[in-house]
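Residues per chain are reported as follows:
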Amino acid sequence: MYPQDGSISIGSYAGNLIICDDFQITQKTLLGDQNLTLSDEEKSLCLLFPASEIVTVACHSVVNYHAYSLIEKGVKLRLKSISSESVLQEFGDRREEEK
């Protein structure tokens, strides 16, 4: 959901922590000319959860946009984004689930 109010929602599902950020972090980590460098926001998450797998996901059906990044133990391994209005951006090796 995208409430557009600057809120952050925190919950859990199947033993996983879920943080919905109202596009505050994802716009800094998934959009634009990104690479495998951690943003300040991602570094903060890695400090809080140093041994965790962190997945950032964004989807927008109006422009057929989807993007995600994968961080494992503080290292960004994968970043992919594409929309009907932009070219595919990929950094890191494709994951088995993508093949």
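None of these values were measured; they are calculated from a predicted model. (Residues numbered from 1 in each chain as written. Predicted model: local features only at pLDDT ≥ 70, side-chain atom pairs only at ≥ 80, totals over all residues. Heavy atoms only, no water.)

1. A word on the sheet that holds strand S6 (residues 86–91)
So, step 1. Taking strand neighbours across the sheet as the criterion, the four strands line up as S3-S4-S5-S6 in an open arrangement whose pairing is antiparallel. Of all the strands in the sheet, just strand S3 (53–60) and S6 have a single pairing partner and so form its edges. Along the sheet, successive strands turn relative to each other by an average axial angle of 5 degrees, direction set aside.
So, step 2. Of the pairings in the sheet, the one linking strand S4 (residues 65–72) to strand S5 (residues 75–83) comprises seven bridges and is antiparallel in character. Of the residues in S5, the one forming a bridge with Ala67 is Ser81.
So, step 3. Set on the sheet, helix H2 (residues 40–48) makes contact with S3, S4 and S5; between it and S4 the angle comes to about 45 degrees. (Pairing = 2+ DSSP bridges. Helix = DSSP H or I, 4+ residues; strand = E, 2+ residues; numbered from the N terminus. Axes fitted to C-alpha atoms, helices over the stretch in contact; angles between N-to-C directions. Contact = heavy atoms within 4.5 Å.)

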